[in-house]
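Understanding the architecture of this molecule
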Amino acid sequence: MTRRRLPLVRLYLLAAGLVLLGQGAASLLVRATGRDPHATTRLLSDPGHATIHVLWGLVLLGVLAARAGEATTEERVALAFGAFYVGLLVLGLTVHHPFGLMIDGKENAFHAVVGPAALVLWLRAAVRGRRPVAGAVEVR
C-alpha cells in the first residue's frame, strides 16, 4: 500500500489557514473579554488585524475543502495570499500602523515569512505544472 503525499502548496495553505484562523480567533476572544489582545501578548493582534487573519484562515481552509485537489485553484490562492501578505509587509514597513492596524516589528517579521513563502510555493507549483511528463506525447 502506498501513502499519498499532500502537495507542498496544499500543505502550506492548510497550515497557514489553521494558524491564521486560530491566532485571529484567539485575539478576538481576548478582546471580547475586555482585554487588549495586542498588549496581552505579542502573539495576539488588534481586532482589525485579527479579523484579517480570521478571514484569510477561512478562505484558505474553505478553498481547500471546496476545491480539494484542484492544483490550479490552490496555486491561484497561494499567489493571492502571498501577494496580499507581501503587500501588508510593505505597508507595515512604510506606514506607521496602516489602516489603524498595529503592525510593528514582530508582525512584519511574520508577514515577511508567510507572504514570500506562499509566493515561492506558488512559483514552484506553477513551474512543476509546466514541466513535461516523461513519456508524454505533446499535442499541438
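Look up: the structure comes first, before these words.
In what follows, the accompanying structure is described. (Residues numbered from 1 in each chain as written. Predicted model: local features only at pLDDT ≥ 70, side-chain atom pairs only at ≥ 80, totals over all residues. Heavy atoms only, no water.)

Let's talk about the pattern of salt bridges
Between side chains of opposite charge, a pair can form as their charged atoms come close. Cut-off, in case you're wondering: Take a side-chain nitrogen of Lys or Arg and a carboxyl oxygen of Asp or Glu: if they are within 4 Å of each other, that pair is a salt bridge. Working definition: helices are DSSP H or I runs of at least four residues, strands are E runs of at least two. Numbering for both runs from the N terminus. For each residue, the accessible area found with a 1.4 Å probe, counting protein chains only, is set against the maximum for its type, and the residue is called buried under 20%, exposed over 50%, and partly exposed in between.
Here the structure, examined in full by the defined rule, presents one salt bridge. Measuring nitrogen to oxygen at the nearest pair gives 2.6 Å for the salt bridge that ties glutamate 74 to arginine 10. Here glutamate 74, found in helix α4 (residues 71-94), pairs with arginine 10, found in helix α1 (residues 8-32); they are 64 residues apart in sequence, far enough to count as distant. Each member of the pair glutamate 74 and arginine 10 is classed as buried.

Describing the side chain of glutamine 23
Where we set the bar: Between N or O atoms, a polar contact is any pair within 3.5 Å; within protein, one atom must be a potential hydrogen donor and the other a potential acceptor, and residues adjacent in sequence are included only when both atoms are from side chains. Contact criterion: two residues are considered in contact whenever any of their non-hydrogen atoms come within 4.5 Å of each other.
Following the sequence through the fold, glutamine 23 ends up in helix α1. There is a polar contact of 2.8 Å between the side chain of glutamine 23 and the side chain of serine 45. If we ignore the near neighbours within four places in the chain, the residues touching glutamine 23 are Leu43, Leu44, Ser45 and His53.

Comments concerning helix α3 (residues 47-66)
Just so we agree on the cut-off: Working rule for helices: expected span equals 1.5 Å times residues minus one.
Across its 20 residues, α3 extends 28 Å between first and last C-alpha, which sits within 8% of the 28 Å expected from 1.5 Å per residue. For α3, the full list of buried residues reads His49, Ala50, Ile52, His53, Val54, Trp56, Gly57, Leu60, Leu61, Val63 and Leu64.

Looking at the packing of aromatic side chains
The following threshold applies: Put simply, two rings from Phe, Tyr or Trp (the six-membered ring, in Trp's case) pair if the centres are within 6.5 Å, and we call them stacked under 30 degrees between planes, edge-to-face over 60, tilted for the rest.
Under the criterion given, the structure shown has six aromatic pairs. Here the aromatic rings of phenylalanine 81 and tyrosine 85 are separated by 4.8 Å at their centres, their planes lie at 50°, and the arrangement is tilted. With a gap of four residues between them, phenylalanine 81 and tyrosine 85 both fall in helix α4, about one helical turn apart. The buried category is assigned to phenylalanine 81, whose relative accessible area is 0%.

Quick notes on unusual backbone geometry
Even without glycine at this site, histidine 97 takes up a positive phi of about 50°. Structurally, histidine 97 can be placed in the loop between α4 and α5 (105-130). Judged by relative accessible area, which is 25%, histidine 97 ranks as partly exposed. In this structure, phenylalanine 99 takes a positive phi of about 55° despite not being glycine. Residue class for phenylalanine 99 comes out exposed when judged on its relative accessible area of 74%.

Considerations on the nonpolar core
Heads up, the condition is: We call a set of buried Ala, Val, Leu, Ile, Met, Phe, Trp, Tyr and Cys residues a nonpolar core when their side-chain atoms join them within 4.5 Å.
Judged by nonpolar contacts, the single largest core of 21 residues is most densely connected at Tyr12, Leu13, Trp56, Leu60, Phe81 and Tyr85. Where this core is concerned, the elements lending two or more residues are α1, α3, α4 and α5. Apart from the residues within four sequence positions on either side, tyrosine 12 is in contact with Phe81, Val113, Val114, Ala117, Ala118 and Leu121.

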